[in-house]
Amino acid sequence: MRKTLSVLKMHWRDKWSWLYIPWIICLASFLVNVIIGVFLPSDGELYSGGLVALFIYFFVSGILTPAQTFPFALGMGVRRKDYFLGTAAMAVAFSVPSAAVLALFSWLEQRTGNWGLNLHFFHLPFVHEGPVLLQWLTMLLLLLFVYFGGLLIAGIYRRCGKVGLLVFFGCLLFMAMAVPAAVNIWGSWAGFGQWLAKHVHSMNELALPLFVFTLIFLLASYLLFRRATV
Amino acid sequence: MSAAVSVKGLTKRFGGFTAVDRVSFALQENRIYGLLGRNGAGKTTLMHLLTAQLFPTDGEIRVFGEEPYENSRVLSRICFVKESQKYPDNFRVADVLAAAGYFHENWDREYAMELAEQFRLPLKRRIKKLSRGLFSAVGVVVGLASRAPLTIFDEPYAGMDAVARNLFYKLLMEDFVAHPRTILLSTHLIDEASALLEHVLLIDRGRLLLDEEADAVRGRAYAVAGMASKVREFAAGRRVIHWDAFGALASASIIGSLDEETKAAAAALGLEAAPVSLQQLIVHLTGEKSE
């Protein structure tokens, strides 16, 4: 436990990676959209996807964290297990308040009448629905999903090298083609569409299945890191 | 004395290449060991195996009596500083020293600051921006201030100037006396470091060639110098491992112990006899023989 905390503290020393850069990216993207919003005709509505930048950053961050800190931590006599737990704890420690900030901005966006600009940046249809607390949970689960997805890629690379990564993406590509093919052959797209329309009204319904994937990523990357070398 | 490290039949293969080949040795607690060998001899691989950063193909490793892999009791007592150590890109010197403090129980923060001062390390500068010599100094400071019961230095002073290297030898010796611990140091600069080393491990092409007290190794050979003709006369029938000639003068390194009889024989020919340097012997053992 104490070692896990030490790893967490080590990560937290890198405030650029864990605090400044993600929020600079997010707020810069927002600012650009505000500027565009100012010049928008009064009857226009601006729906921005700029928020996705934060999630992409956090995904890449999951890939890069081990490259930055894993060899250093091992040299300092840290167990792989403690390294992994500390890193996962850091991801949670980032995601919980970050998701809260996103939910807060979403609330503010609604309260201020879309910043008085008809700008939809933090509160998007489908993505941000329901009560603020639910939005926070959905954002949290999404952040964790992208981070541990990145961490899994890093784990495959550490454990199995380039070949492992190639095989992994090969399988992913195969599934991306096989699933639609299977729907074509055995199922019906109309049925699939109806099922979606019935069960999925917003990102909130998708967040939970994504969280199951997150847990799978977490377990798989733990097993990979346990046998990773520098 | 108990063993800090014991290794039996340790082997590491990378595909068809055998980096470490059936190596067995033990390191006693609270001594300074030199791990010597040429580039690619397997020194770094061996150190990675001891610290469970790599997994052995075969053989047994015990550190403080236990298997080191994922063993917190063992790993928390190890500090491994290597030439090619990677640090997080955004870390400044101060961040590395602080983080090292999180991980080592015996970390002495004041001592670390004092060392940083002596090596003229700019605490606010990013590691990435440091010169090669200062980069190495960061590792040296971490290794010394961690006061880890098993401290492993892999070529710790690459790129350091002579002043900084001498400072390292001096500080290591001083701190070792005040806080005894087991130190394993790999180096190319054998002559410089030889005064420090109590025991020498020599590996070549993954094999352990030598596992002896440094003094015993030094006693294995001697050098005679004087007029070339006289040196040649003296060397006849003896095993010469190295020959240097400068004009009419010559010096020869010869295998054997420098006993009174030998000294007298050399003196009779007007030659000077002296112990050979550790480096020359190592060069002989790993160079000429394996050619």
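Residues numbered from 1 in each chain as written. Chains lettered and ligands numbered in written order. Predicted model: local features only at pLDDT ≥ 70, side-chain atom pairs only at ≥ 80, totals over all residues. Heavy atoms only, no water.

### Describing unusual backbone geometry
Glycine aside, residues mostly have negative phi, and peptide bonds are mostly found in the trans state. All names here are of chain B. What counts is decided by this rule: Put simply, DSSP H or I for four residues or longer makes a helix, DSSP E for two residues or longer makes a strand, and each gets a number counted from the N terminus. Partly exposed describes any residue whose relative accessible area lies between the buried limit of under 20% and the exposed limit of over 50%, with all areas from a 1.4 Å probe on protein chains only and scaled to the type maximum.
Backbone geometry places Arg22, a non-glycine residue, at a positive phi of 45°. Along the chain, Arg22 turns up in strand 2 (residues 17-28). For Arg22, a relative accessible area of 58% translates into the label exposed. Even without being glycine, Asn30 reaches a positive phi, approximately 60°. Along the polypeptide, Asn30 turns up in the loop between strand 2 and strand 3 (32-36).

### A closer look at the domain arrangement of chain B
Operational definition: Start and end positions for the domains come from either an automated domain assignment or a database one.
Parsing chain B into structural domains produces domain 1 (3-217) and domain 2 (221-275). Computed from C-alpha coordinates alone, the two centres of domain 1 of chain B and domain 2 of chain B are separated by 37 Å.

### Section: the sheet that holds strand 9 (residues 207-213) of chain B
All names here are of chain B. This is how the line gets drawn: Strand pairing is defined by DSSP finding a minimum of two bridges between the two strands. With axes taken as lines fitted to C-alpha atoms, and helix axes fitted only over the stretch in contact, angles between N-to-C directions fall between 0 and 180 degrees. In this description, contact between two residues means that some pair of their heavy atoms is separated by no more than 4.5 Å.
Strands sit in the order 5-6-7-3-8-9 across an open sheet of six strands; the sheet is mixed. Strands with a single pairing partner mark the edges of an open sheet, and in this sheet they are strand 5 (78-82) and strand 9. The sheet shows a mean angle of 15° between the axes of neighbouring strands, direction not considered. As defined by bridge partners, strand 6 (residues 150-154) adjoins strand 7 (residues 182-186) across five bridges and the pair is classed as parallel. Along strand 7, the bridge assignment pairs Leu150 with Thr182. Against the sheet, helix 5 (residues 132-145) makes contact with strand 5 and strand 6, and its axis sits at roughly 165° relative to strand 5, the strand it touches most. Sitting on the sheet, helix 6 (residues 162-178) is in contact with strand 3, strand 6 and strand 7, with an inclination near 165° to strand 7.

### Details of the nonpolar core
Basically, it comes down to this: Definition of nonpolar core: a set of buried residues of the types Ala, Val, Leu, Ile, Met, Phe, Trp, Tyr and Cys, connected through side-chain atoms within 4.5 Å.
Counting 110 residues, the largest nonpolar core has Met10 and Phe55 of chain A together with Phe119, Leu121, Ile127 and Phe168 of chain B as its most contacted members. Ranked by residues supplied to this core, first place goes to helix 5 (residues 132-186) of chain A with 14 residues. Within the second largest apolar cluster, 28 residues are counted, among which are Leu10, Tyr33, Ala41 and Val74 of chain B.

### Quick word on the environment of Phe94 of chain A
Residue and element names in this part refer to chain A. When you line up the elements, Phe94 lands in helix 4 (residues 80-111). Overall, Phe94 belongs to the buried group, its relative accessible area being 4%. In this structure, the C-alpha to C-alpha distance between Phe94 and Leu19, residues 75 residues apart in sequence, is 8.0 Å.

### Notes on the side chain of Thr182 of chain B
With respect to the helices and strands, the residue Thr182 of chain B is situated in strand 7. Non-local contacts of Thr182 of chain B, meaning those with residues more than four positions away in its chain, are made with Ala4, Leu27, Gln28, Glu29, Asn30, Arg31, Tyr33, Pro149, Leu150 and Thr151 of chain B.

### A short note on the packing of aromatic side chains
Here is the rule: Side-chain rings of Phe, Tyr and Trp (the six-membered ring for Trp) are treated as a pair once their centres are within 6.5 Å; stacked means planes under 30 degrees apart, edge-to-face means over 60, and tilted covers the remaining angles. Placement of a positive charge over a ring is assigned whenever Lys NZ or Arg CZ falls within 6 Å of the ring centre and within 35 degrees of the normal to the ring plane.
Inspection of the entire model under this criterion finds 32 aromatic pairs over all chains. Between Phe58 of chain A and Tyr147 of chain A, the ring centres sit 4.7 Å apart and the planes meet at 35°, which makes this aromatic pair tilted. With Phe58 of chain A in helix 3 (residues 52-75) and Tyr147 of chain A in helix 5, this residue pair connects regions lying 89 residues apart in the sequence. When the ring of Tyr157 of chain B is compared with that of Phe168 of chain B, the centres are 5.5 Å apart and the planes differ by 75°; the resulting orientation is edge-to-face. With Tyr157 of chain B in the loop between strand 6 and helix 6 and Phe168 of chain B in helix 6, this residue pair connects regions lying eleven residues apart in the sequence. Given a relative accessible area of 3%, Tyr157 of chain B falls into the buried group. These aromatic residues form a ring-pair network of at least three members: Trp18, Phe58, Phe94, Tyr147 and Phe148 of chain A. Above the plane of the ring of Tyr69 of chain B lies Arg227 of chain A, whose end atom (NZ or CZ) is 5.4 Å from the centre. Stacked on the ring of Phe234 of chain B, the Lys or Arg Arg238 of chain B has its end atom at 4.0 Å from the ring centre.

### Focus: the interface of chain A and chain B
Defined as follows: Buried area, as used here, totals the accessible surface that two parts lose on assembly, with accessibility defined by a 1.4 Å probe and the loss added over both. Counting of polar contacts relies on pairs of N or O atoms within 3.5 Å, with two restrictions inside protein: one atom must be capable of donating a hydrogen and the other of accepting it, and residues adjacent in sequence are counted only when both atoms are side-chain atoms. By the convention adopted, Pro, Cys, Tyr, Trp, Phe, Met, Ile, Leu, Val and Ala count as nonpolar, Lys, Arg, Asp and Glu as charged, and the other residues, Gly among them, as polar.
Each side of the interface is counted separately: chain A has 28 residues, and chain B has 35 residues. Across the chain A/chain B interface, buried area totals approximately 2,800 Å², and carbon plus sulfur atoms make up 55% of it. The largest share of the area that chain A buries against chain B comes from Arg13, Phe72 and Met76 of chain A, three residues that together contribute 26% of it. In this structure, the connection of chain A to chain B is made through 16 residue pairs in polar contact (both at pLDDT 80 or more). When residues of the side of chain A that touches chain B are traced back to their parent elements, those giving at least two are helix 1 (2-12), helix 2 (15-38), helix 3 and helix 4 of chain A. The class makeup of the residues in the side of chain A that touches chain B is ten nonpolar, seven polar and eleven charged.

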